[in-house]
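Here are the chains, one letter per residue:
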Amino acid sequence: MNLTRAFKENNSIRLGLEAKDWKEAVQLAVDPLIESGAVGPEYYDAIIASTEEHGPYYILMPGMAMPHARPEAGVHRDSFALITLKEPVQFPDGTDVSVLLTLAATSSAIHTSVAIPQIIALFELENSIQRLVDCQSPEEVLAMVDESKDSPYLEGLDLEG
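Residues numbered from 1 in each chain as written. Predicted model: local features only at pLDDT ≥ 70, side-chain atom pairs only at ≥ 80, totals over all residues. Heavy atoms only, no water.

Visitor: How do you make sense of the overall build of the chain when you look at a structure like this?
Guide: Of the regular secondary structure elements, the chain holds six helices and five strands. Along the chain, from the amino end to the carboxyl end, the secondary structure elements read α-β-α-α-β-β-β-β-α-α-α. Taken over C-alpha atoms, the radius of gyration comes to 14 Å for the chain, in line with the 15 Å a tight globule of 161 residues would show. Considering only C-alpha atoms, the chain reaches an extent of 35 × 35 × 25 Å along its principal axes. Counting all 161 residues of the chain, 50% fall into the buried class. Restricting to contacts in the chain with at least 6 residues of sequence separation, those with at least 24 account for 69%. Summed over its atoms, the accessible surface of the chain is roughly 7500 Å², and 49% of this surface lies on carbon and sulfur atoms. Charge centroids of the chain, computed over 10 positive and 26 negative side chains, lie 4 Å from each other. (Helix = DSSP H or I, 4+ residues; strand = E, 2+ residues; numbered from the N terminus. Rg over C-alpha atoms; globule rule 2.2 N^0.38 Å. Buried < 20%, exposed > 50% of the residue type's maximum accessible area, 1.4 Å probe, protein only. Contact = heavy atoms within 4.5 Å. Areas by Shrake-Rupley, 256 points an atom, 1.4 Å probe, with all protein chains shown as cover. Lys, Arg positive; Asp, Glu negative; His and termini not counted. Charge placed at Lys NZ, Arg CZ, Asp CG, Glu CD.)

Structure (structure tokens):
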């Protein structure tokens, strides 16, 4: 599960979008994966239901959310999508979010051991949220992913497989 390859294969980077609320933002963040067949439409429903029950457990830092649900909630293949919003939306816990990176993993092991380190590596870049919001093209996002590849979080990971 490679971030760059997943973005390219799923055509799943969408920039400068507008959402009226957090539910619409999550829908926009899941749509590229529904369109590519990586997840079924029920994946969105599972994220919303889980958020309403447990709160937005997937907000990893101010400005950034990683919406995801369980593998059995319609995940067909491992994938990622990234969207940026022109204006942040407020999630139920009061956090404003302008970058959503959707994760769809076919197993909890992939989620923990392969997906999360890549996401941490990207978001530990200096000013990562603002830099992503400022990106004008998918290529600029991919350049940031490439920049993050030397992170210590990625040492020993096989990201080619």
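Visitor: Is there a simple way to explain helix H2 (residues 22-36) in this structure?
Guide: Two residues of an α-helix separated by three or four positions point the same way, owing to the 3.6 residues in each turn. Compared with an ideal rise of 1.5 Å per residue, which puts 15 residues at 21 Å, H2 spans 22 Å between its outermost C-alpha atoms and is within 8% of the ideal. Along its length, H2 shows its largest kink, about 35°, at Val-30, and proline Pro-32 lies within four residues downstream of that point. All buried positions along H2 are accounted for by Trp-22, Ala-25, Val-26, Ala-29, Val-30, Pro-32 and Leu-33. Residues of H2 that are buried make contact with strand S1 (13-17), helix H3 (42-54), strand S4 (79-90) and strand S5 (96-104). The N-cap residue of H2 is Asp-21: its side-chain oxygen and the backbone nitrogen of Lys-23 are 3.2 Å apart. Downstream of H2 by a residue or two, Gly-37 has a phi angle that is positive, lying close to 85°. (Expected span 1.5 Å × (residues − 1). Bend = angle between axes of the 7 residues up to and from the residue. Polar contact = N/O pair within 3.5 Å; in protein donor to acceptor, adjacent residues only side chain to side chain.)

Visitor: Hey, could you run me through the pattern of salt bridges in this one?
Guide: Pairing between side chains becomes possible if they bear opposite charge and their charged atoms approach one another. One pass over the structure, following the stated rule, counts eight salt bridges. Residues Arg-14 and Glu-35 are paired through a salt bridge, measuring 2.9 Å at the closest nitrogen-oxygen approach. With Arg-14 in strand S1 and Glu-35 in helix H2, the pair connects residues that are 21 residues apart, well separated along the chain. Judged by its relative accessible area of 23%, Arg-14 is partly exposed. Here Arg-70 ties to Glu-72 by a salt bridge, and the two come within 3.1 Å at their closest N and O atoms. (Salt bridge = Lys/Arg side-chain N within 4 Å of Asp/Glu carboxyl O.)

Visitor: Would you take a moment to explain the packing of H2 against H3 for this structure?
Guide: Helix-helix packing is described using two parameters, namely the angle between the two axes and the distance between the axes. At a minimum axis separation of 10 Å, H2 and H3 run at an interaxial angle of 145°. For the crossing formed where H2 meets H3, the hand is right-handed. In contact with Trp-22, Lys-23, Val-26, Gln-27 and Val-30 of H2, H3 contributes Tyr-43, Tyr-44, Ile-47, Ile-48, Thr-51 and Glu-52. (Axes fitted to C-alpha atoms, helices over the stretch in contact; angles between N-to-C directions. Left-handed = near helix turned anticlockwise from the far one by under 90°.)

Visitor: In this structure, what is going on with the environment of Glu-9? I would like to understand it.
Guide: Within the fold, Glu-9 resides in helix H1 (residues 3-9). Measuring from C-alpha to C-alpha, the distance between Glu-9 and Ser-79 comes to 8.8 Å, with 70 residues separating the pair along the chain.

Visitor: Looking at this structure, I do not really get the sheet that holds S5. What am I missing?
Guide: The strands making up a sheet are joined through hydrogen bonds of the backbone, oriented either antiparallel or parallel. The strand order across the open sheet built from five strands is S1-S4-S5-S3-S2, with neighbouring strands paired in mixed fashion. In this open sheet, the two edge strands, each paired with only one partner strand, are S1 and strand S2 (59-61). Across the sheet, the mean angle from the axis of one strand to that of its neighbour is 20°, orientation sign disregarded. (Pairing = 2+ DSSP bridges.)

Visitor: I keep staring at the packing of aromatic side chains and nothing clicks. Help me out?
Guide: Each aromatic ring pair is described using two quantities: the centre-to-centre distance and the angle formed by the ring planes. All told, the structure shown has four aromatic pairs when counted by the stated rule. Centroid distance Tyr-57 to Tyr-58: 4.9 Å. Interplanar angle 80°. Geometry classified as edge-to-face. Of the residues examined, Tyr-57 reaches a relative accessible area of 34% and is grouped as partly exposed. Ring geometry for Tyr-58 and Phe-91: centres 6.1 Å apart, planes at 85°, overall edge-to-face. One end of the pair, Tyr-58, is in the loop between H3 and S2; the other, Phe-91, is in the loop between S4 and S5, and 33 residues separate them in sequence. Comparing Tyr-58 with Phe-91 shows no difference in burial state: the two are buried. (Phe/Tyr/Trp six-rings, centres within 6.5 Å; stacked < 30°, edge-to-face > 60°.)

Read these as geometric descriptors, not functional statements.
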